[in-house]
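# Descriptive analysis of the structure
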Amino acid sequence: MNVANVIRVFGATSLMLALLAGRVSAKSDYLSPIALLPDAEGKLLYVACHTANEVRVFEVASSKVLRSIPMPASPTSLALSKDGTRLYVACADVNSSVAVVDTRTGKITATLPAGHTAMNVCLSPDEKTLYVCNRFNNEVAVINLADKTVKARIPLPREPIAAAITPDGQTLFVANHLHDGTANGEVVAAKVSVIDTAANQVATQLTLPNGSGLLLDMKVSPDGRYAAVTHLLSRFHLPTTQLERGWMNTDALTLIDAKTRKIINTILLDNVDSGAANPWGIAWTADSQTMCVAHAGTHELSVIDIKGLLEKLAKMPTSMTNFQTVDYTAASRIASDIPNDLSFLVSLRQRVRYQTEYGVRDVNKGDLGPRGVAIIGKKAFTANYFSDTLTLVDFDTKYIKPVSLSLGTRKAMSIVRKGEFYFNDASICFQGWQSCGSCHSFDARVDALNWDLLNDGIGNPKNTKSMILSHKTPPAMSQGVRETAESAVRAGIRHILFTVQPEEVPASMDEYLKSLKPTPSPHLVNGKLSPSAQRGQKLFNSPKAACAACHPADKLFTTLNHYDVGTKGEYDNVAEFDTPTLHEVWRTAPYLHDGSAATIKDLLTKHNKGDKHGHTSGLTPQEIDDLAAYVLSQ
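The following refers to the structure shown. On a predicted model such as this, the values are computed, not experimentally measured, just so you know. (Residues numbered from 1 in each chain as written. Predicted model: local features only at pLDDT ≥ 70, side-chain atom pairs only at ≥ 80, totals over all residues. Heavy atoms only, no water.)

## Details of the overall build of the protein chain
Each helix and strand counted, the protein chain has 10 helices and 32 strands in total. Expected size for 634 residues packed as a compact globule is a radius of gyration near 26 Å; at 24 Å, the protein chain falls within 12% of this value. Once the C-alpha set of the protein chain is aligned to its principal axes, its extents read approximately 70 × 70 × 55 Å. Considering the protein chain as a whole, with its 634 residues, one finds that 59% of them fall into the buried category. Each charge class in the protein chain was averaged separately, 63 positive and 62 negative side chains, and the resulting centres sit 4 Å apart. (Helix = DSSP H or I, 4+ residues; strand = E, 2+ residues; numbered from the N terminus. Rg over C-alpha atoms; globule rule 2.2 N^0.38 Å. Buried < 20%, exposed > 50% of the residue type's maximum accessible area, 1.4 Å probe, protein only. Lys, Arg positive; Asp, Glu negative; His and termini not counted. Charge placed at Lys NZ, Arg CZ, Asp CG, Glu CD.)

## Re the nonpolar core
Leu87, Val89, Phe173, Val192 and Met218 are the most contacted members of the largest nonpolar core, which totals 76 residues. Counting 26 residues, the second largest nonpolar core, distinct from the first, contains Phe136, Leu539, Tyr630 and Val631. (Core = buried A, V, L, I, M, F, W, Y, C linked by side-chain atoms within 4.5 Å.)

## Regarding the pattern of salt bridges
Under the counting rule described, the total for this entry stands at 31 salt bridges. Residue Asp510 is joined to Arg490 by a salt bridge in which the shortest nitrogen-to-oxygen separation is 2.9 Å. Residue Asp510 is found in helix 7 (residues 504-515), and its partner Arg490 is found in helix 6 (residues 485-495); the two are separated by 20 residues along the sequence. By relative accessible area, Asp510 is classed as buried at 5%. By relative accessible area, which is 21% here, Arg490 ends up partly exposed. Because the salt bridges share partners, they merge into one network encompassing Arg135, Glu159, Asp443, Arg445, Glu584 and Arg587. (Salt bridge = Lys/Arg side-chain N within 4 Å of Asp/Glu carboxyl O.)

## What to know about the packing of helix 6 against helix 7
As a packed pair, helix 6 and helix 7 sit with axes 10 Å apart at the nearest point and diverge in direction by 130 degrees. Between helix 6 and helix 7, the angle is such that the two are oblique. Classified by chirality, the crossing of helix 7 by helix 6 is right-handed. Across from Glu486, Val489, Arg490 and Ile493 in helix 6, the residues of helix 7 making contact are Val505, Pro506, Ala507, Met509, Asp510, Leu513 and Lys514. (Axes fitted to C-alpha atoms, helices over the stretch in contact; angles between N-to-C directions. Parallel < 35°, antiparallel > 145°, perpendicular 65-115°, else oblique. Left-handed = near helix turned anticlockwise from the far one by under 90°. Contact = heavy atoms within 4.5 Å.)

## A word on the packing of aromatic side chains
Tallying each qualifying case throughout the model produces eight aromatic pairs. On the numbers, 5.0 Å between centres and 75 degrees between planes, the contact of Tyr385 with Phe386 is edge-to-face. Taking the relative accessible area as the measure of exposure, Phe386 reaches 5% and is therefore buried. Grouping aromatic residues by their ring pairs yields a cluster made of Tyr385, Phe386, Phe421 and Tyr422. A cation over an aromatic ring shows up here: Lys312 above the ring of Phe344, its NZ or CZ 4.2 Å from the ring centre. Over the face of the ring belonging to Tyr385 we find Arg371, whose NZ or CZ atom lies 3.7 Å from the ring centre. (Phe/Tyr/Trp six-rings, centres within 6.5 Å; stacked < 30°, edge-to-face > 60°. Lys NZ or Arg CZ within 6 Å of the ring centre and 35° of its normal.)

## A word on the sheet that holds strand 19 (residues 249-257)
Reading across the sheet, the four strands line up as 17-18-19-20 and stay open at both edges, with antiparallel pairing between neighbours. In the strand order of this sheet, the two ends are held by strand 17 (212-220) and strand 20 (262-268), each with one partner. For this sheet the average axis-to-axis angle between neighbouring strands, irrespective of direction, equals 25 degrees. As defined by bridge partners, strand 17 adjoins strand 18 (residues 226-234) across six bridges and the pair is classed as antiparallel. (Pairing = 2+ DSSP bridges.)

## Comments concerning the environment of Val229
Mapped onto the elements, Val229 comes out in strand 18. The buried category is assigned to Val229, whose relative accessible area is 0%. The spatial distance from the C-alpha of Val229 to the C-alpha of Ala549 is 45 Å, given a sequence separation of 320 residues. Apart from residues no more than four positions distant in its own chain, Val229 is found in contact with Ala175, Val192, Leu208, Leu215, Asp217, Met218, Ala252, Leu253, Thr254 and Ile282.

Take a look at the structure:
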């Protein structure tokens, strides 16, 4: 049931209750196209319009929208039966669902249960099984389409956000958005999970190169030989003194051998003097020879000669010997050099820019924020999240010129929408290397990495903080070096994006960040505290644990003060740190200012010397579990 129907049947009060319970998502004034899927004949494109809660059916020949199909919540992903009669739509919500649409009538014929924030839906080649990535349950749900039941739940490291299955149906590759460990180690990287579909269990975990995170899309080549994943490759060990040559963030594509289930290599999508920020959607041509990658931050499309790329990769030696001729003109001499080589794609890739200039533009014009990609023949289409348009790129022509296609009447951006756009816009950054979303993800939370920012001197890295409630819980930064979130936003533009922007940019970002609302925790049971969390709540507020002394629930779980809680590390120049809110703490691991605690339970036990961070040394194991359950329910 969509929002309009809820209002008509139940009234506005019931609508608000439904929204709070996570049974229906609020519909916005914007379409926000996020995913594309062509039919088998290439005549139609199904477009998932994320904030409009609908799927639009776009006719390629006429460039017109034929139909709009209302969805029960925000659509994130699409899958289509081979005969084209059934469309499966992942609808993200606290209690997500998969809508099964009869494409002939445009009606939803069934609704399949999913978990917390379904981000991807993947149909098995025999069409008997549907795989759903439930992002905040950290799982893939396996749905038997015959009886519409969940026959397995496969636990995964952290925030599975995209998946792709091999043509033989034997292997499912899953991209986990963030890493799942501490942030203060030498190696910090997200993983691709490889699932054996016969056993419905993880066969292996592929750890991406050090600094890899913010994975967003995963696709298997039509010939079944390769899998590919887009992600950032962050140089978090370096102080953020510059951006040149990918000093802070680079943008990457990792290729995997689908048969051996091993990583082939990671290739940078940037150029030496031009970042290709925030790579998102992937699409392969039918012959598996060409790949297109959308760059959501720099508003462009990469068209990559995969055949040539694989040939070049195959020629790279794994080590140097005295008998090899050194090519002093090449940046990469051996295969392990490639993830640091900003020139490796020269002559193998075309960058098709939708925008010709960096900097502030008229946000109500042009194609902005390409995310999903689809290919029909030699033509690529991108779903442009912030402009409510598609872009057509015919890469079979000598001179490629992107063509903008309308999905409907384009509405002027509100100040909040502008703020979300600028937050994800790398064209306001020096050379387009990154956006605010490159460290806080596209939804203004975390990348789970430690960064040595210039705010508080060099040599004391801090874990990335979520932007949720940042404007209501001053001061900003772990050491409180910015009195307000407003000042932190402006300092971030100067010292992290390395540009100066008109006041419109930070002012609209402020409004966007203020508009963010905490997402209900996946640890809640039917929207309420579990019995364990209820016991933990009593402990939290009691003198026995004394957690509420610094994290009072009636004040956003923070006193807004600094305390020495015994967590000063070898790189810190102070001992007192700002008290963070506990709202959404379930999704902001790792914990503490240096990311040294992988879990809340670790924080309460291994990282609380002297009981400075709550009185936990005298608690029983059950009480520790109860206390963690309560904190994670916020």
